[in-house]
Amino acid sequence: VILAIGVCFWLAACTAYDLKWREVPPALTLPPLFGAVLWNALSGKFALALFVLLLFILADISYKGRGFANGLQAAIFCLGLSTSAEPVLAGTVMLTMFVIWSIWKLEKMGGADAQVLMALVLLLGPAVLLPIAVVGGIQGLIHLLAHKKTMPFMVSILAGTCALFLAQPPSF
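All right, on to the confidence of the model for the protein chain then. On average, the protein chain scores 91 in pLDDT, and the residues at 70 or more come to 97%. Summarising per-element confidence for the protein chain, the mean pLDDT is lowest in helix α4 (residues 66-83) (80) and highest in helix α2 (residues 26-42) (97).

Before going further, it helps to examine the packing of α2 against helix α6 (residues 111-124). Packing of α2 against α6 leaves a shortest axis separation of 9 Å and a crossing angle of 30 degrees. Here α2 lies roughly parallel to α6, going by the angle between them. Judged by the twist between their axes, the crossing of α2 over α6 is left-handed. In contact with Thr29, Leu30, Pro32, Leu33, Ala36, Val37, Trp39 and Asn40 of α2, α6 contributes Ala112, Gln115, Val116, Met118, Ala119, Leu122 and Leu123.

Now for the side chain of Asn40. By the secondary structure assignment, Asn40 is in helix α2. In this view, Asn40 contacts Lys45, Phe46, Leu48 and Leu122; residues no more than four positions away in its chain are not counted.

Here the focus is the side chain of Asp113. Here Asp113 shows up in helix α6. With sequence-adjacent residues up to four places away left out, Asp113 is seen in contact with Asp18, Phe153, Met154 and Ile157.

Definitions and limits used
Residues numbered from 1 in each chain as written. Predicted model: local features only at pLDDT ≥ 70, side-chain atom pairs only at ≥ 80, totals over all residues. Heavy atoms only, no water. pLDDT = per-residue confidence, 0-100. Helix = DSSP H or I, 4+ residues; strand = E, 2+ residues; numbered from the N terminus. Axes fitted to C-alpha atoms, helices over the stretch in contact; angles between N-to-C directions. Parallel < 35°, antiparallel > 145°, perpendicular 65-115°, else oblique. Left-handed = near helix turned anticlockwise from the far one by under 90°. Contact = heavy atoms within 4.5 Å.

Shown next, in the form of structure tokens:
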């Protein structure tokens, strides 16, 4: 319950920044993300933690120099599947991380949104994305009907995550 309250307060702070300035500072998003990566590494999910870290390294490598890095990424993915006690879950989480990262790299999602979603998936699992997507769909429809071109997605992340906590409190 303490984790749920802490996560909701963190998301509320991110949402406040997103609503007021349409930007969330990295100081609010990167520490929880790297904390989640560290927690996964300390929990024995080394391949998953390494996979996510490599995504951030890939973000700064030019497309021409990505051959070796992409091969390393694929090898880490396979290592994560082969060494995990739950290979389906490990594969799902790594693919989810890759999809979120790809959407951010294609500039269809802000960096803060991507970092927060990645941290939440690392902490709570990919199931957290379902309520976020439902709330995001409702928010998107409202913004579409209001003829707004952009929307602060952090509102959907906060509402969806808190809805998940109300329906099913996390247990660690």
